[in-house]
Amino acid sequence: MTQRPVLAYTLLLIVQTACALVILFHIHTAFRILVERIGQRQELPTEILAQVCGAALLGQICYWTRLYRLPVPPGFHSPVLGHLLAFAARLGAIVGGALASIYFLRHLPELTRLADSFTLTWRSSLLLAIVFAIYCYTLELERLAAALQAEPKDETDLPVPADLPTASGAPAGEPEPDATQALPHRPH
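Since this is a predicted model, take the numbers as computed values, not measurements.

Engineer: In this structure, what is going on with empty space enclosed by the protein? I would like to understand it.
Structural biologist: In this approach a probe as big as a water molecule rolls over the atoms, and the regions it shows empty are the leftover space. With the rule as written, the count across this model stands at one cavity of 30 Å³ or more. Put simply, the largest cavity is a space of about 50 Å³. In terms of lining residues, the largest cavity is bounded by Q16, C19, A20, I23, A55, A56, G59, A133, I134 and Y137. Ranked by residues supplied to the lining of the largest cavity, first place goes to helix α1 (residues 3-36) with four residues. Residues that form the lining of the largest cavity fall into these classes: eight nonpolar, two polar and no charged.

Engineer: When you look at helix α2 (residues 46-69) in this model, what are you seeing that I'm missing?
Structural biologist: One turn of the α-helix equals 3.6 residues, which is why residues spaced by three or four share an orientation. Over its 24 residues, α2 runs 34 Å from end to end, which matches the ideal 34 Å to within 8%, given 1.5 Å per residue. The complete set of buried residues in α2 reads I48, V52, A55, A56, G59, Q60, C62, Y63 and R66.

Engineer: What should I look at first to understand the side chain of Q16 in this one?
Structural biologist: Mapped onto the elements of the fold, Q16 is located in helix α1. In contact with Q16, not counting residues within four places along its chain, are G59, C62, Y63, R66, C136, Y137 and E140.

Engineer: Looking at this structure, I do not really get the nonpolar core. What am I missing?
Structural biologist: As a rule of thumb, nonpolar side chains are buried together in soluble globular proteins. Among the nonpolar cores identified, the biggest contains 15 residues, and I23, L99 and I130 are the most heavily contacted of them. Looking at this core element by element, the count peaks at six residues for helix α4 (residues 117-149). Contacts of I130, omitting those with residues within four sequence positions, involve I23, V52, A56 and L99. Ranked by size, the runner-up nonpolar core spans 14 residues in total, among them A20, Y137, L144 and L148.

What counts, and where the lines are drawn
Residues numbered from 1 in each chain as written. Predicted model: local features only at pLDDT ≥ 70, side-chain atom pairs only at ≥ 80, totals over all residues. Heavy atoms only, no water. 1 Å grid on protein atoms, 1.4 Å probe; cavity = no way out; pocket = protein on both sides within 12 Å on 5 of 7 lines; lining within 4 Å. Points joined across faces, edges and corners; volume = space filled by probe spheres on them. Helix = DSSP H or I, 4+ residues; strand = E, 2+ residues; numbered from the N terminus. Nonpolar A, V, L, I, M, F, W, Y, C, P; charged D, E, K, R; others polar. Expected span 1.5 Å × (residues − 1). Buried < 20%, exposed > 50% of the residue type's maximum accessible area, 1.4 Å probe, protein only. Contact = heavy atoms within 4.5 Å. Core = buried A, V, L, I, M, F, W, Y, C linked by side-chain atoms within 4.5 Å.

Put into structure tokens, the structure is as follows:
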């Protein structure tokens, strides 16, 4: 892979990480407000809503661009970093699920009133879009983690052309004898 796609992949991942951090920061703030003022109606300031929506939209653009146009860069093997990224992905999924749970539990009484169903539907749709953006980010982290944890491919795994002999001298079309395989017993 040339240097340009690796750089593009990295930049898109950094932008999506920044978007996810903006969303997670505001989720933390929302949790704190809900816990401190339980039972009171909470209004989300417009600037926070705009930041969260913008971050979710930009994160989605980065994710789908990377998914369809840029593969995970090969060649780097780090099981420790792969495990840390997989762990971060799981934490992100937990936080996104907790956000959805808190929101729906908080607004459960409003589900019985049909007078304000448009607002509830709009808010619920927005919440699902935000949780979906977090889900896509965690998927990308898991995809990168799997690539980092995968064993690097050796050149010995490449297929041998049929006209070349294998390492044991057997023709390429025939299986090579296994060194650990027991030899057949032949009576003397």
